[in-house]
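Residue-level structure breakdown
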Amino acid sequence: MLLPLGIVIATSFSASGNLQFPPQALSLRWYSAFFADVVWLRAFDNSLVVGVGTTVVATFMGITAAFGLEAHRGRFGDILTPIVILPLLIPPVILGVTLLVYFSRLGFRSSYLSIILAHSLWATPLVFFVMQSVFQRFDWQLRDAGMDLGANPIRVFIHVILPNVKSGILVSALLAFIISLQEFVMALFLSNYQTQTIPVLAWNSLRQSLTPIVSVVSTFLILISIVGLLAAALATNIEFVAKRLS
Amino acid sequence: MSVDSRTTVLDRLWSLFEGQSGSRRSLLLMSPLILFELLVFVVPFLLLVRISFSEQSQGLPYAEGTFTIASYVQVLQSELLQGIIVYSFKLGIIATLLTVVLAVFYAYATWRASGVRKSALLFSVVLPLLTTLVIKTYVWVPLLAPNGTANSLLLAVGLIQAPLQIVPNTLGVVIGQVYIVFPYAMLAIYSVLTTVEWELVEAARDLGASRIRSFFAVVLPEIMPGITVATVISFAWSVGAYSAPALLGAGSDRPFALEVQEQMLVNFNWPIATALSTVMLVLMFVSILVIYTVLGRFGGDVTNAT
């Protein structure tokens, strides 16, 4: 499973202009080409803006909704859960078309906001389910104890609940960021030359010519995912992360 | 001092909620997500359906305020589009079957492994899952192209005389698509598998069942809910495949996603693009219901699964 990713990284060190494995000679020339290219660097900034935006939006909505659902189970929760899952089952091309039509109508197509909202459709369910299982494992007697001592519920949330679930929050925020960073089909529909993210630019340049610079970019993206995943695994464990992704 | 001011802010914030009942409060907490799903998911889909009933226009993406079923008639009558729909479903079925079978084996191996080996097996699945589709697709080009690694290797060993045409070709599309959906399918099965008790399998073996028999008689029925979820995910995403056919396919590898993208962004024919999308959604929804019903017969009822 990992072999293809290793091959991508290997081809990024190629000295020739062709994408081939194993590379004939090694060099860092495609790395310097990447850092000299304004278009790639701007795409990098775009990815960062969209990723951070998605993380904030998805984490906020996911945590509040999971907490609300856990604090009081009602019929709204029963309707909410399937609706939250549904976007994950719809082909991204259809989501892209749908949101392009909608955002054009509203007049903010190709903006950062449109991509952030689209990515939140995929990132929020993950946050929601991670946080739901975190809240389920939380010892609610601690909350009741805090309430009995006279603290108001918001203070209990900040001083009692939050410290106990912060690793869960970290994991869900990391996942939300990675989801946004890697998503490309919706971004392809919703971005333009100014706002295109790294995967979109990679895709567009791939369709023109297959140069190792795409492997360089891929190497960066893979490294970011590895770091994020290791951080998430350290905060909880790999098994927990793996199960929540399904 | 700062602690004091924070206290008063929190107290004031709480006074807003104090009068509400528990269910109202939790509804208030859920309201951002509910609002979001309404405005960014439900309403856009209603608009999609509305535009699919608009007249096609020369200069504009669609003619506003018109109503016609012409685009649906066109989608359902055009042989080209029918071929595209059939191709999408064929790809979906083949990729799903391969993925689910491979995923069951991999999930089983991960379940039986322990310690570092188990973590490594999980990591190998989660990392590709968190890697962009673009990378997961294009990596197969240098590997499987006529002058790529696999062909050079096979030629050097003498197994083949001429390079195999795997990419660009349908075989390449299937390989790429299976690689893309495999992690999701594996994890769906794995998370159910971890709830199975190994003692059950041991008991079956003690009673004389072979390894294979104990798997089919004991493990498989238990993990059917996971297999159902894996099948639905793999199917939905493979029918909607975009990157693998675009990059690894030949000209004849044309699923609906490519057609929709072209109608939408190149031809600016929005009624056709939206009508085709709607038709595909309905067909996929029906297929998923069929998958649920069929696999549900074999114990794949997912209502009790995580």
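None of the values given here were measured: they were computed from a predicted structure.

When you go through chain B residue by residue, the secondary structure sums to 14 helices and 0 strands. Seen in sequence order, chain B has helices and strands lined up from the N terminus as α-α-α-α-α-α-α-α-α-α-α-α-α-α. For 306 residues, the compact-globule estimate of 2.2 N^0.38 gives 19 Å, and the C-alpha radius of gyration of chain B, at 25 Å, exceeds that figure by more than 25%. Seen through its C-alpha atoms, chain B measures out along the principal axes to roughly 75 × 65 × 50 Å. Taking all 306 residues of chain B together, 53% fall into the buried category. Within chain B, contacts between residues separated by at least 24 positions form 68% of all contacts whose residues are at least 6 apart in sequence. Approximately 14,500 Å² of chain B is accessible, and the part contributed by carbon and sulfur atoms is 66%. Of the side-chain charges in chain B, 15 are positive and 16 negative, and the distance between the mean point of each set is 6 Å.

Val 167 of chain B connects to Pro 168 of chain B through a cis peptide bond whose omega is -5°. You can see Pro 168 of chain B is positioned in the loop between α8 (149-157) and α9 (170-193).

Turning next to the side chain of Thr 59 of chain A. All names here are of chain A. Here Thr 59 is to be found in helix α3 (residues 38-71). Residue class for Thr 59 comes out buried when judged on its relative accessible area of 10%. Once you skip the residues sitting within four places of it in the chain, Thr 59 turns out to touch Thr 54, Val 127, Ile 169 and Ala 173.

Oppositely charged side chains are able to pair whenever their charged atoms sit close together. Residues and elements named next belong to chain B. Counted under the stated rule, the structure contains 2 salt bridges over all chains. Arg 254 is paired through a salt bridge with Glu 262; the nearest N and O atoms lie 2.9 Å apart. Owing to a relative accessible area of 24%, Arg 254 belongs among the partly exposed residues under this scheme. Bridged by salt links that share partners, the residues Arg 254, Glu 259 and Glu 262 form one connected network.

All names here are of chain B. A cluster of acidic residues, Glu 197, Glu 199, Glu 202, Asp 206 and Glu 222, forms a negative patch on the protein surface. Counting residues per element, the negative patch draws most heavily on helix α10 (residues 198-206), which supplies 3 residues. Looking at the element boundaries, Glu 199 is found in helix α10.

With respect to the helices, strands and loops of the structure, Met 30 of chain B is situated in helix α2 (residues 22-52). Residue Met 30 of chain B is classed as buried on the basis of its relative accessible area of 2%. Apart from residues lying up to four places away in sequence, Met 30 of chain B is in contact with Thr 64, Ala 65, Gly 68, Leu 69, Phe 76, Gly 77 and Leu 80 of chain A.

The next point concerns the interface of chain A and chain B. Taken together, the 78 residues of chain A in the interface contact 80 residues of chain B. Inspection of the chain A/chain B interface yields 0 salt bridges. The interface formed by chain A and chain B holds 9 residue pairs in polar contact (both at pLDDT 80 or more) in total. Its residues assigned to classes, the side of chain A that touches chain B comprises 58 nonpolar, 15 polar and 5 charged.

For the structure on display, the rule yields 26 aromatic pairs over all chains. With a centroid separation of 6.0 Å and 50° between ring planes, the pair formed by Phe 89 of chain B and Phe 235 of chain B is classed as tilted. Taken together, the positions of Phe 89 of chain B in helix α4 (residues 79-112) and Phe 235 of chain B in helix α11 (residues 211-239) put the pair 146 residues apart, joining distant regions of the chain. Through pairs of rings, three or more aromatic residues link up here, namely Phe 13, Tyr 31, Phe 34, Phe 35, Trp 40 and Phe 220 of chain A.

Turning next to the side chain of Ser 238 of chain B. All names here are of chain B. By the secondary structure assignment, Ser 238 is in helix α11. A polar contact is formed between the side chain of Ser 238 and the backbone oxygen of Ser 234, at a distance of 2.7 Å. What Ser 238 contacts, discounting residues up to four positions off in sequence, is Ser 88, Leu 91, Gly 92, Ala 95, Thr 96, Gln 177 and Val 181.

Let's shift gears to the environment of Leu 281 of chain B. When you line up the elements, Leu 281 of chain B lands in helix α14 (residues 270-297). For the pair Leu 281 of chain B and Gly 92 of chain B, spaced 189 residues apart in sequence, the C-alpha to C-alpha distance is 14 Å. Beyond its immediate sequence surroundings of up to four residues, Leu 281 of chain B is in contact with Ile 90 and Ile 94 of chain A together with Phe 45 of chain B.

Turning our eyes to something else, we now look at the packing of α9 of chain B against α11 of chain B. Residues and elements named next belong to chain B. Where α9 meets α11, the axes come as close as 8 Å, and the angle between the chain directions of the two elements is 150°. Classed by the angle they form, the pair α9 and α11 counts as roughly antiparallel. The hand of the α9/α11 crossing is right-handed. Seen from α9, the contacting residues are Gln 177, Val 181, Tyr 184, Ala 185, Ala 188, Ile 189, Val 192 and Leu 193; seen from α11, they are Val 219, Glu 222, Ile 223, Gly 226, Ile 227, Val 229, Ala 230, Ile 233, Ser 234, Trp 237 and Ser 238. Across the contact of α9 with α11, the residue classes break down as 14 nonpolar, 4 polar and 1 charged.

Cut-offs used in this document
- Residues numbered from 1 in each chain as written.
- Chains lettered and ligands numbered in written order.
- Predicted model: local features only at pLDDT ≥ 70, side-chain atom pairs only at ≥ 80, totals over all residues.
- Heavy atoms only, no water.
- Helix = DSSP H or I, 4+ residues; strand = E, 2+ residues; numbered from the N terminus.
- Rg over C-alpha atoms; globule rule 2.2 N^0.38 Å.
- Buried < 20%, exposed > 50% of the residue type's maximum accessible area, 1.4 Å probe, protein only.
- Contact = heavy atoms within 4.5 Å.
- Areas by Shrake-Rupley, 256 points an atom, 1.4 Å probe, with all protein chains shown as cover.
- Lys, Arg positive; Asp, Glu negative; His and termini not counted.
- Charge placed at Lys NZ, Arg CZ, Asp CG, Glu CD.
- Salt bridge = Lys/Arg side-chain N within 4 Å of Asp/Glu carboxyl O.
- Patch = residues over 30% accessible without salt bridge, like charges linked within 9 Å, V, L, I, M, F, W, Y side chains within 5 Å.
- Polar contact = N/O pair within 3.5 Å; in protein donor to acceptor, adjacent residues only side chain to side chain.
- Nonpolar A, V, L, I, M, F, W, Y, C, P; charged D, E, K, R; others polar.
- Phe/Tyr/Trp six-rings, centres within 6.5 Å; stacked < 30°, edge-to-face > 60°.
- Axes fitted to C-alpha atoms, helices over the stretch in contact; angles between N-to-C directions.
- Parallel < 35°, antiparallel > 145°, perpendicular 65-115°, else oblique.
- Left-handed = near helix turned anticlockwise from the far one by under 90°.

Interpretation in functional terms is not warranted from these geometric data alone.
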